[in-house]
Amino acid sequence: MLSIPDLIKKKRDGNALSDDDIQFFLQAVVENNIQEAQTGAMLMAIFMKGMVATETMALTKAMKLSGEVLSWPEEWAGLVVDKHSTGGVGDKVSLVLAPALAACGLKVPMISGRGLGHTGGTLDKLESIPGFNVRQPLPKLRSILAELGCVMVGQTDSLVPADRILYALRDVTGTVESLPLITGSIISKKAAESLNSLVLDVKFGRAAFCKDLASAKALGESMVAAGNNLGMKTSAVFTHMSNPIGRCIGNSLEVIESLETLKGNGPSDLMELVSTLGGVLLVMTGKVSSLSEGGRLITECVTGGAALAKFQAMMVAQGVSNENAQSLCSAQADYHSILRRADHQTELRTHTQGVVMEIDGLVLAEVLHQLGAGRTNAGEPINHSVGAELLVSLGESVNKGRPWLRIHFESPALTPDQTSRLEGALTLGGSGDKPLRGSLIEEMIPPM
């Protein structure tokens, strides 16, 4: 067996690491038998030299096995599913999709993350609901899943401890963008959930991690291969991410839009993502025979109220009072009587007339981040009430002076520079122009 310095040199020189090499390295990481500088050096060597497919598979498997692997009752065989998004702006899909899948008879142990940088996190959105507890002991997680079919929690300390250590070091060593390391991080955590099927929403565009379709496909293909290699049916959907998803950005505002969607009033782009990703999982589990049939079934569960009932019951099971859960899910909900509203709102108006061609989601997210909606470092507090509402839609004709964006803020207030950046996020065209974006779905790696 090579020493840690020998393993670093081996990868630095462009040679493939064996399964035993990778297992030895990760064991040293988890047991703290390695210097932090050595771990950082190995991450940089992987970043610079890459990994062949067999290395990536071995890395992902070893990371999965570095901690506890969940187990489920035999009668759930073939029904345990989840979804992962590579991150976007206004991406509230999970809050609608998980209860919809549960309403279709699937089991969804959705172990999610927090927002970092300009992208929002599912846990932060849920924690804007007073009382919602995203930390559940495993026995409680299993009982909620058995009763309701969905539970939404954070990663436990016992699941994939290798990833928690490596993830923190990747952030400070400039190695976040490594495809093998991203693949290992995402797929190991999903595999530790003992999923039968996983669908990946791999986003590309100006407001996504992957800026173009080619880089998104490279990442998606790597993750699909690793997932399938670990016995988890894995599919990927490649989706556009330049304009915000839906009309709301920011944690509590996105909860409101999710609840409205679960009441049948959702924006078409959000519902397209929910029905497509859900339809893929229904095909993968054998619940339906075609993607179109799966999409219809998901849509019916959302518009018919079955998914809303699941979300309401899940809120109560995870700590929200019966009264608040019932109020939030009522037809005439006064959302801000429960979800905190920011102290101040201000509207931006159009400077000319025209057709709404584009709204730069990245600019909106970056400004909201500066106003307190996001975090730069893990563990930092955020302001759940900070956010933005889009008051116009793509393709809509607007007159000069029309309000197009409402910003919810507290302290700090908008600076002139931030206001200027937000105004530049809106692109208007002539009367005959049409936005480039139609469907958000570009391609997919179909279910096996």
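Relevant structure appears above.
Thresholds applied
- Residues numbered from 1 in each chain as written.
- Predicted model: local features only at pLDDT ≥ 70, side-chain atom pairs only at ≥ 80, totals over all residues.
- Heavy atoms only, no water.
- Helix = DSSP H or I, 4+ residues; strand = E, 2+ residues; numbered from the N terminus.
- Expected span 1.5 Å × (residues − 1).
- Buried < 20%, exposed > 50% of the residue type's maximum accessible area, 1.4 Å probe, protein only.
- 1 Å grid on protein atoms, 1.4 Å probe; cavity = no way out; pocket = protein on both sides within 12 Å on 5 of 7 lines; lining within 4 Å.
- Points joined across faces, edges and corners; volume = space filled by probe spheres on them.
- Nonpolar A, V, L, I, M, F, W, Y, C, P; charged D, E, K, R; others polar.
- Pairing = 2+ DSSP bridges.
- Disulfide = S-S within 2.5 Å.
- Contact = heavy atoms within 4.5 Å.
- Axes fitted to C-alpha atoms, helices over the stretch in contact; angles between N-to-C directions.
- Patch = residues over 30% accessible without salt bridge, like charges linked within 9 Å, V, L, I, M, F, W, Y side chains within 5 Å.
- Areas by Shrake-Rupley, 256 points an atom, 1.4 Å probe, with all protein chains shown as cover.
- Salt bridge = Lys/Arg side-chain N within 4 Å of Asp/Glu carboxyl O.
- Arc of directions from axis to C-beta.
- Phe/Tyr/Trp six-rings, centres within 6.5 Å; stacked < 30°, edge-to-face > 60°.
- Lys NZ or Arg CZ within 6 Å of the ring centre and 35° of its normal.

Participant: Tell me about helix α9 (residues 179–192), and name the residues and values.
Facilitator: An ideal rise of 1.5 Å per residue puts 20 Å on 14 residues; α9 measures up with 20 Å between its terminal C-alpha atoms. Counting buried positions over the 14 residues of α9 gives twelve, a clear majority of the element. Within α9 the residues assigned to the buried category are Pro180, Leu181, Ile182, Thr183, Gly184, Ser185, Ile186, Ile187, Ser188, Lys190, Ala191 and Ala192.

Participant: Give a description of empty space enclosed by the protein that names residues and reports values.
Facilitator: What the rule picks out here adds up to two cavities of 30 Å³ or more. Taken as a whole, the second largest cavity spans an internal volume of roughly 30 Å³. What lines the second largest cavity is simply Leu17, Ile22, Phe25, Met42, Ile46, Met51 and Leu59. Contributions of two or more residues to the lining of the second largest cavity are made by α2 (19–30) and α3 (36–49). Here the lining of the second largest cavity is composed, by residue class, of seven nonpolar, no polar and no charged.

Participant: Quick rundown of unusual backbone geometry? Include the residues and the values.
Facilitator: Positive phi, close to 60°, is recorded for Asn32, a residue that is not glycine. One can find Asn32 in the loop between α2 and α3. Residue classification places Asn32 among the exposed residues on the basis of a relative accessible area of 63%. The phi dihedral of Ser194 falls on the positive side, at around 55°, and the residue is not glycine.

Participant: If you had to explain the sheet that holds strand β12 (residues 426–429) to someone new, which residues and values would you point to?
Facilitator: Read across the open sheet, the three strands follow the order β10-β8-β12; overall the sheet is antiparallel. Of all strands in the sheet, those bounded by a partner on one side alone are β10 (397–398) and β12.

Participant: Could you give me a rundown of the state of the cysteines, with the residues and numbers involved?
Facilitator: Enumeration according to the criterion identifies zero disulfides in this entry. Not part of a disulfide, Cys150 finds its nearest cysteine sulfur in Cys104, a span of 11 Å. The class of Cys150 is buried, set by a relative accessible area of 0%.

Participant: Just give me the short version of the environment of Val316, but keep the residues and values in it.
Facilitator: Along the chain, Val316 turns up in helix α14 (residues 306–317). Once residues within four sequence positions are removed from consideration, Val316 is found in contact with Ser321, Asn322 and Ala325.

Participant: Would you mind going over the pairing of strand β3 (residues 150–154) in detail, with residue names and values included?
Facilitator: Side-chain positions along a regular strand alternate between the two faces of the sheet. Taken across its five residues, β3 has five buried, putting it largely inside the fold. Burial along β3 is two-sided: Cys150, Met152 and Gly154 facing one way and Val151 and Val153 facing the other are all buried. Bridging between strand β2 (residues 108–112) and β3 involves five bridges; their strand directions are parallel. Within the sheet, the bridge partner assigned to Ser112 lies in β3 and is Gly154.

Participant: Provide a residue-level description of the sheet that holds strand β5 (residues 233–240), including the pertinent values.
Facilitator: Taken in spatial order, the four strands make up an open sheet running β1-β4-β5-β13, and their pairing is mixed. Unpaired on one side and paired on the other, β1 (81–85) and β13 (441–445) mark the two borders of the sheet. Here the average twist between neighbouring strands, direction ignored, is 15°. Packing against the sheet, helix α10 (residues 213–229) makes contact with β4 (197–204), β5 and β13, and its axis sits at approximately 165° to β5.

Participant: Go over a nonpolar patch on the surface with me, naming the residues and quoting the values.
Facilitator: Taken together, the side chains of Met44, Phe47 and Met48 present a nonpolar region at the surface, about 270 Å² in accessible area. Structurally, Phe47 is set in helix α3.

Participant: An account of α14 is needed here, citing residue identities and associated values.
Facilitator: The terminal C-alpha atoms of α14 lie 17 Å apart, and with twelve residues this matches the ideal 16 Å at 1.5 Å per residue to within 8%. Residues Ala307, Leu308, Phe311, Met314 and Met315 constitute the buried set of α14. Around the axis of α14, the buried residues are gathered within 125° of arc, so they sit on the same side.

Participant: Describe the pattern of salt bridges, naming the residues involved and giving the relevant values.
Facilitator: Side-chain pairs of opposite charge can arise where the charged atoms are in close proximity. This model, assessed by the stated rule, comprises 17 salt bridges. Residue Asp13 is joined to Arg12 by a salt bridge in which the shortest nitrogen-to-oxygen separation is 3.1 Å. Judged by its relative accessible area of 47%, Asp13 is partly exposed. Its relative accessible area of 47% is what places Arg12 among the partly exposed residues. Residues Glu347 and Arg406 are paired through a salt bridge, measuring 2.9 Å at the closest nitrogen-oxygen approach. Of this pair, Glu347 sits in strand β7 (residues 344–349) while Arg406 sits in strand β11 (residues 403–409); the two residues are 59 residues apart in sequence, bridging distant segments of the chain. Overall, Glu347 belongs to the partly exposed group, its relative accessible area being 33%. Under the relative-accessibility criterion, Arg406 is labelled partly exposed at 22%. Via salt bridges that share partners, Asp82, Lys190 and Glu193 belong to a single interconnected network.

Participant: Before we move on, can you summarise the packing of aromatic side chains with the specific residues and values?
Facilitator: Applying the stated criterion to the full structure yields one aromatic pair. Against the face of Tyr167 rests Lys189, its NZ or CZ located 5.8 Å from the ring centre.

Participant: Could you give an account of the side chain of Thr175, naming the residues involved and the relevant values?
Facilitator: As for its position among the elements, Thr175 is in the loop between α8 (161–173) and α9. With a relative accessible area of 0%, Thr175 lands in the buried category. Thr175 has contacts with Leu43, Met44, Phe47, Arg170 and Leu181, leaving out every residue within four places of it along the chain.

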